[in-house]
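Working through the structure, step by step
So the chains spell out like this:
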Amino acid sequence: MAETVLSFVLAQLSTFLLEEGRLLGGLRREVQFIMDELEQMRAFLREAEAKEEHAQPTLQQWIKQVRDAAYDTEDILDEFVARFARHRATGFYGSVRRIFSSIKNLRARHRVSSEIQSIKSRIEDIAVAHQRYQSEYGISAQASNSLSAVNDTTWRYSRDDALLVEEAKLVGIDQPKKHLISELLKGDDYQLKVVSVVGMGGLGKTTLVKKVHEDPEVRRHFPVRAWVTVSETCDFQFLLKDLIRQLHKEGKKPVPQSIESMTTTELKKIVKDFLQQAGRYAIVFDDVWDVEFWNTIKFALPESSRGNRVILTTRKADVAYASCIESRRFVYRMEPLSTEDSRTLFCSKIFDGGNCPDHLMNVAEGILDKCEGLPLAILAISGLLASKDVNRIDEWEMVRRSLGGELEGTGKLDRIRKILSLSYGDLPWHLKTCLLYTSIYPEDCKIGCSDLINLWIAERFVEWREGMNIEDVAWGYFSELVSRSLIQVTGVFYEGLPDYCRIHDLLREIIISKSREQNMVTVTTGQPTTWPSEKVRRLVVHSSSSNNTQHHQQRRSCCFDHLRSFITVGSMSPLLSETLLSEISRSSKLLKVLYFHGQETQEEIPNEIFNLFHLKHLDLSGTRVERVPKAIGKLQHLEFLDLGDTGVRELPMEILKLQKLRFLKVYQQVDSSDDDYGYHGFKAPSNMGGLLALEILHSIDASSGSTIIKEIGKLSQLRELYITKLRREDGKELCSSLANLTSLRELSVASIGKGDDHEMIDLNHPSLSSSSSSFLQSLRMLILYGRLEKMPQWVARLHGLIRIDLNWSKLRGEEDPLESLQHLPNLGEINFCGSYQGEGLCFKTGGFVKLKRLELRRMEGLRWMRVEEGALPRLHQLYLDLLPLLEELPMGIQHLSHLQELYLYEMSSEMIEKVENQKEESEDYTRIAHIPEIVIGCYTEDGEWRERQLWEKKKKKT
């Protein structure tokens, strides 16, 4: 991990020399020397850290010295910039200020010079030790290969354990096994078919595929079979030789002696020639880590016409899909065990298949919750518990409480740690940094994906790439971690854009351990005894309700001089919130990230914040702040400002000085109890178009007239735009401005008013109807709050649109909103709220081919719905909410063969009665029998919301 830290810091120093190097003067050469020495140590560090667990304390101490020296170099240079980069004024007065500043800071410059010389001296000493350790531990090709071979051998033995598990001891495997066998034996004998099984480490992919591979029916169907374990550190020649030996053994033929001296190309030809002459074959490549492996091995696998099969297991989705591109694609995503199967596996190991005793039930459930259906974890932990006295509940409680510590050690849970750590070890350094950063979130936290990637950007974890937006690069990082099964997406904002995510509990324990080792993130609670006394770089405070006085006394021992980030998760006590924010703002001159979301006691922005020269990310959303002082203009490096859900309704003219500002959110819900009514925005300075770096703008109040609408057209980098209180007469001007926004992905426009009182929105103007308008190609989400005389004509040409929300549109019966939407090729989600005054809606054959989610609510005149056969072929979720005159389920609902969830919220009593009284033999029942989950919801007389499931069947794989 020191190698990861070093790579990160070297990238920052390189950027520093490029952007601020001229400030250094004669010190530039010294900084370059430090960088060069650290760069030379980086390759050795990668090898040294692989041996760190078993290394001598002196090597471990050396690794720590390198890491600390890298951090300290970054600190000194940031302090230097904070002091000397402020005074860049021009003109006569600017010259006087610079002269005065130079005299005033002469002593400070000398101090910085001394500190850099001190770092250089430390680096020279570290370099001497580097030479000694290099000869002692070695980084030669031979040593490197030897280490890889040892790791590979260990991993092979670990995987062999999975191959020896008896089928009788497995649970939850029957259905997946039948499914895979069916895919293998299915017809289509004219093309090689690849079946990929993908999932996180420890889910049992190897075990499942082994049982499929050894199934008698599979053995009969495929007379030639082989099993090849690939692993992370794959010797391709060794692998090919192993495959040749297996194939010749299967075919009862002697293995060619000459393979030991053959090249890779010759070995591949041997494999290909053998398979072309053999019968139907099935080959397993277990634990594939790299797309390139498949791109290389596939040339040794002949197509033939015998219905040959390849099965591949991997942790990485990109590998799974890449291997299937040229064959009939079938990717099976391995799921965790169900709660019931987890309990069965747990008890079979400890109680020989019997039930868990009542007195251990609660603690057993707590342990299983930690395992989250991961078979490897359940088996390992139950093996540990099998040695405990079942009459001693305290011993079981101790295991449950110390699971994190057990994973850090070398005890019986060491195998879980190694397997989960393999996925971490395979990451490039920038993804390691991003993954470790997730340790800022507490257990079972609902992590906002946008929050996470914006924090990555602010922390400078995300590298700029030529021709790419920095946010797109960050989403690419996120997608890669999801693809590698290290982050789990739990909710989407709209199709294709993750909204919430989480980390598996056991993986999280490993991440926390590695993060703590590297002093990357210091996590504490409001408990006074948990406050750190050493210097910290990133401080994260989780919510607690301990004594305020103790907080005040304890905080004095903390050192915030090196702090780069201050993040709160959950609400802190009022006194802690106020005093801590004030002290950190005053003493943390290097602070780049201040994330104070949800601290409701905060009513003002402390003045000290405006002296934080390096501040890039300021999140005060969810606080009670009502005013932004003019001093905001001092934050020259600010890129991110979130004042969402606060009382701020206007920004000062000084906001225009923030020329790096990329993200600006200032809004407040119109009705905090009902989000159907949208947001209040903020009044902006009249020349808002000067903030040319803006990409996210949410929500700007347009009630002041056409001037601000024209200014919006100058913000050519905008990707998300939310406008409130648009006047009808400004619609034409808005269309002209939107035509200039060639990168816009999300657009929300709200007219003046609330609900039924909304003013008319007029967006039917030729400036947006031009076929050459890039706006029409780039838009992915459209939200309109307000009355429409008719749907804007250009909506029907938004071929990239994925989601549309129409709120309070009040379209007349003759203006069917479905007409202009039904043939949009990528539309995946529709939300209508008070959008249509007609009596009926008809979804026609061939329409809405990609729609997965449909929500209809608050349409008081709607009496009927009809779904023609062939319409909505992919609909998964249907929400019907507050439709008082709709007394029947949609006609043709039986045609929605992929419908997974039907929600009926506050519907008429007649409809609910008909749905609840279905009898299995009735025609009405057969119309909805295929829907796995039907939920009914309403408010009780006491105003309490209640939901109940009519039924919940096992959902189909879609």
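Structure: above.
So, here is what we can say about the structure in this document. None of the values given here were measured: they were computed from a predicted structure. (Residues numbered from 1 in each chain as written. Predicted model: local features only at pLDDT ≥ 70, side-chain atom pairs only at ≥ 80, totals over all residues. Heavy atoms only, no water.)

When you go through the chain residue by residue, the secondary structure sums to 30 helices and 29 strands. Considering the chain as a whole, with its 958 residues, one finds that 54% of them fall into the buried category. Considering only contacts in the chain between residues 6 or more positions apart, those separated by 24 or more positions represent 66%. A total of about 42100 Å² of accessible surface is found on the chain, and carbon and sulfur atoms cover 47% of it. (Helix = DSSP H or I, 4+ residues; strand = E, 2+ residues; numbered from the N terminus. Buried < 20%, exposed > 50% of the residue type's maximum accessible area, 1.4 Å probe, protein only. Contact = heavy atoms within 4.5 Å. Areas by Shrake-Rupley, 256 points an atom, 1.4 Å probe, with all protein chains shown as cover.)

This paragraph deals with the pairing of strand S10 (residues 538–542). The buried fraction of S10 amounts to five of the five residues, a majority that puts the element mostly inside the structure. On S10, burial covers both faces: Arg538, Val540 and His542 on one face and Leu539 and Val541 on the other are all buried. Note: strand S9 (residues 522–525) against S10, four bridges, orientation parallel. Note on S10: the bridge partner recorded for threonine 525 is histidine 542. (Pairing = 2+ DSSP bridges.)

The next thing to look at is the pairing of strand S4 (residues 309–314). Burial analysis of S4 places six of its six residues in the buried class, the great majority of the element. The side-chain alternation of S4 yields two buried faces, one formed by Arg309, Ile311 and Thr313 and the other by Val310, Leu312 and Thr314. Sheet topology places strand S3 (residues 281–288) next to S4; five bridges connect them, and they run parallel. Across the sheet, alanine 282 pairs through a bridge with arginine 309, a residue of S4.

Bringing the side chain of lysine 268 into the picture now. Topologically, lysine 268 is positioned in helix H11 (residues 264–277). The contact partners of lysine 268, leaving out residues within four places of it in the chain, are Phe236, Leu240, Thr296 and Ala300.

On the basis of which strands lie adjacent, the open sheet formed by five strands has the order S2-S3-S4-S1-S5 and parallel pairing. Each of the sheet's edge strands pairs with one partner strand only, and the pair in question is strand S2 (224–229) and strand S5 (330–333). Between one strand axis and the next, the sheet turns through 15 degrees on average, direction left out of account. Strand contacts of helix H7 (residues 174–185): strand S1 (193–198), S4 and S5, with the helix running at about 175 degrees to S5, the strand carrying the most contacts. (Axes fitted to C-alpha atoms, helices over the stretch in contact; angles between N-to-C directions.)

The residue threonine 314 is located in strand S4 in this model. Within the structure, threonine 314 has its side chain in polar contact with the backbone nitrogen of lysine 316 (distance 3.0 Å). Beyond its immediate chain neighbours, meaning those up to four positions away, threonine 314 contacts Val197, Val198, Gly199, Lys205, Val288, Val319 and Ala320. (Polar contact = N/O pair within 3.5 Å; in protein donor to acceptor, adjacent residues only side chain to side chain.)

With that settled, consider the sheet that holds strand S6 (residues 447–448). The sheet built from three strands is open, its strands ordered S6-S8-S7 with antiparallel pairing. The outermost strands of the open sheet, each flanked by one partner alone, are S6 and strand S7 (488–494). Taken together, the two bridges between S6 and strand S8 (residues 497–502) define a ladder with antiparallel strand orientation. Its bridge partner being in S8, glycine 448 is matched across the sheet by tyrosine 500. Helix-sheet contacts for helix H22 (residues 470–483) involve S7 and S8, and the interaxial angle to S8 is about 55 degrees.

Under the counting rule described, the total for this entry stands at 16 aromatic pairs. In textbook terms, an aromatic cluster arises when at least three aromatic residues are bridged by ring pairs, as seen for Tyr879, Tyr903, Tyr905, Tyr939 and Trp945. The ring of tryptophan 227 carries the charged tip of lysine 210 above its face, separated from the ring centre by 4.8 Å. The ring of phenylalanine 493 has arginine 803 lying over it, and the distance from NZ or CZ to the ring centre is 5.0 Å. (Phe/Tyr/Trp six-rings, centres within 6.5 Å; stacked < 30°, edge-to-face > 60°. Lys NZ or Arg CZ within 6 Å of the ring centre and 35° of its normal.)

Before going further, it helps to examine the pattern of salt bridges. Oppositely charged side chains may form a pair once their charged atoms are brought near each other. This structure, assessed with the given rule, holds 35 salt bridges. A salt bridge links glutamate 789 to arginine 728; the nearest nitrogen and oxygen atoms lie 3.2 Å apart. Taken together, the residues span a long stretch of sequence, with glutamate 789 in the loop between strand S20 (781–785) and strand S21 (803–807) and arginine 728 in the loop between strand S18 (720–726) and helix H27 (731–738) at a distance of 61 residues. By relative accessible area, which is 40% here, glutamate 789 ends up partly exposed. Its salt-bridge partner being lysine 914, residue glutamate 888 comes within 2.5 Å of it at the nearest N-O pair. On the criterion of sequence distance, the pair formed by glutamate 888 in the loop between strand S26 (877–881) and strand S27 (901–905) and lysine 914 in helix H29 (residues 909–916) is long-range, its members being 26 residues apart. Residue glutamate 888 is classed as partly exposed on the basis of its relative accessible area of 41%. (Salt bridge = Lys/Arg side-chain N within 4 Å of Asp/Glu carboxyl O.)

Generally speaking, nonpolar side chains in soluble globular proteins are found buried as a group. Counting residues in each nonpolar core, the largest one holds 124 residues, and the members touching the most others are Phe346, Trp396, Tyr437, Trp456, Phe478 and Leu481. For this core, the leading source of residues is helix H3 (residues 57–84), giving eleven residues. If we skip the residues at most four places from it in the chain, leucine 481 touches Leu427, Leu431, Cys434, Leu435, Trp456, Leu486 and Ile487. Leu576, Leu635, Leu776 and Ile912 belong to the second-largest nonpolar core, a separate cluster that totals 116 residues. (Core = buried A, V, L, I, M, F, W, Y, C linked by side-chain atoms within 4.5 Å.)

Two numbers describe how helix H15 (residues 361–371) lies on helix H23 (residues 505–517): the axes approach to 6 Å, and their chain directions differ by 75 degrees. Viewed along their axes, H15 and H23 adopt a mutual orientation that is roughly perpendicular. From H15, Asp369, Lys370 and Cys371 reach across to H23, where they touch Asp505, Leu506 and Glu509. (Parallel < 35°, antiparallel > 145°, perpendicular 65-115°, else oblique.)

Axes are the key here: two packed helices are described by the angle between their axes and the distance separating the axes. Here helix H20 (residues 429–437) crosses H22 at 80 degrees, and the two axes come no closer than 11 Å. Between H20 and H22, the crossing angle belongs to the class labelled roughly perpendicular. Facing H20, whose interface residues are His430, Leu431, Cys434 and Leu435, H22 presents Tyr477, Glu480 and Leu481. A per-class count over the contact of H20 with H22 returns five nonpolar, one polar and one charged. (Nonpolar A, V, L, I, M, F, W, Y, C, P; charged D, E, K, R; others polar.)

Trans is the common state for peptide bonds, and a negative phi is the common state for residues other than glycine. Residue histidine 698 is joined to serine 699 through a cis peptide bond whose omega torsion reads 5 degrees. Along the polypeptide, serine 699 turns up in strand S17 (residues 696–701). Here lysine 725, not a glycine, exhibits a phi torsion of approximately 55 degrees, which is positive. Counting through the fold element by element, lysine 725 comes out in strand S18. When its relative accessible area of 30% is taken as the criterion, lysine 725 is described as partly exposed. Positioned with a positive phi, arginine 858 is a non-glycine residue whose angle comes to about 55 degrees. Tracing the backbone shows arginine 858 in the loop between strand S24 (853–857) and strand S25 (864–867). Residue class for arginine 858 comes out partly exposed when judged on its relative accessible area of 23%.

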